[in-house]
Amino acid sequence: VQLQASGGGLVQAGGSLRLSCAASGRTFSRYGMGWFRQAPGKEREFVAAITWSGTSTDYSDSVKGRFTISRDNAKNTVYLQMNSLKPEDTAVYYCAAYYSGRYYNIPHLPHLYDYWGQGTLVTVSS
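A.B. asks: Looking at this structure, I do not really get the pattern of salt bridges. What am I missing?
C.D. replies: Opposite charge on two side chains makes pairing possible when the charged atoms of those side chains draw close. Overall, the coordinates contain five salt bridges when judged by the stated rule. Arg-37 serves as the salt-bridge partner of Asp-89, at 2.9 Å between the closest nitrogen and oxygen. Linking Asp-89 in the loop between strand S8 (77-82) and strand S9 (91-99) with Arg-37 in strand S4 (residues 31-38), this pair joins segments that are 52 residues apart in sequence. The burial state of Asp-89 is the same as that of Arg-37; both residues are buried. The shortest N-O distance in the salt bridge between Arg-66 and Asp-89 comes to 2.8 Å. Placement of the pair is Arg-66 in the loop between strand S6 (57-59) and strand S7 (67-72) and Asp-89 in the loop between S8 and S9, with a sequence separation of 23 residues. For the pair Arg-66 and Asp-89, one class covers both residues: buried. Where salt bridges share partners, they join Arg-37, Glu-45, Arg-66 and Asp-89 into one cluster.

A.B. asks: Explain the nonpolar core to me, please; I cannot follow it from the model alone.
C.D. replies: The tendency in soluble globular proteins is for nonpolar side chains to be buried as a group. With 29 residues, the main nonpolar core has Trp-35, Leu-80, Met-82 and Tyr-93 as its most contacted residues. Listing elements by their share of this core, those giving two or more residues are strand S1 (3-6), strand S3 (17-23), S4, strand S5 (45-50), S7, S8, S9 and strand S11 (120-125). Excluding residues within four positions of it along the chain, Leu-80 makes contact with Leu-17, Arg-18, Leu-19, Trp-35, Val-47, Ala-48, Phe-67, Thr-68, Ile-69 and Tyr-93.

Here is what the cut-offs are and how they apply
- Residues numbered from 1 in each chain as written.
- Predicted model: local features only at pLDDT ≥ 70, side-chain atom pairs only at ≥ 80, totals over all residues.
- Heavy atoms only, no water.
- Salt bridge = Lys/Arg side-chain N within 4 Å of Asp/Glu carboxyl O.
- Helix = DSSP H or I, 4+ residues; strand = E, 2+ residues; numbered from the N terminus.
- Buried < 20%, exposed > 50% of the residue type's maximum accessible area, 1.4 Å probe, protein only.
- Core = buried A, V, L, I, M, F, W, Y, C linked by side-chain atoms within 4.5 Å.
- Contact = heavy atoms within 4.5 Å.

What follows is the structure, encoded as structure tokens:
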């Protein structure tokens with residue numbers, strides 16, 4: 001699976017952005033998908049994830065209620081709708097894929113994901 005993230009940019013605090021992650025390959029529906037972010041000088045952190053079917057999602061406490069993850073298996077694409085953005089949301093955002101059959105719960109740790117996109121920069125100005 002190859003992943004291509006897009007949709008990042010510069011936005012003012014309180015604004016919104018929608019990130020997209022397009023996947024290649026015909027096995028996209030076998031993979032759960034996640035979004036992570038990494039700010040300068042910080043470790044990569046879990047943001048949100050969704051199961052292969054889209055029926056279950058999980059969010060970090062820092063984005064819960066503001067971000068929404070979704071997927072369209074027909075388009076091989078996962079989305080991250082980000083609302084009420086804050087300066088502390090500034091980071092490079094990465095999409096990633098994990099094989100669904102491997103874990104009972106949605107994984108939060110980066111090393112549990114099998115494939116990664118190249119990242120897209122989100123900058124939130126105050």
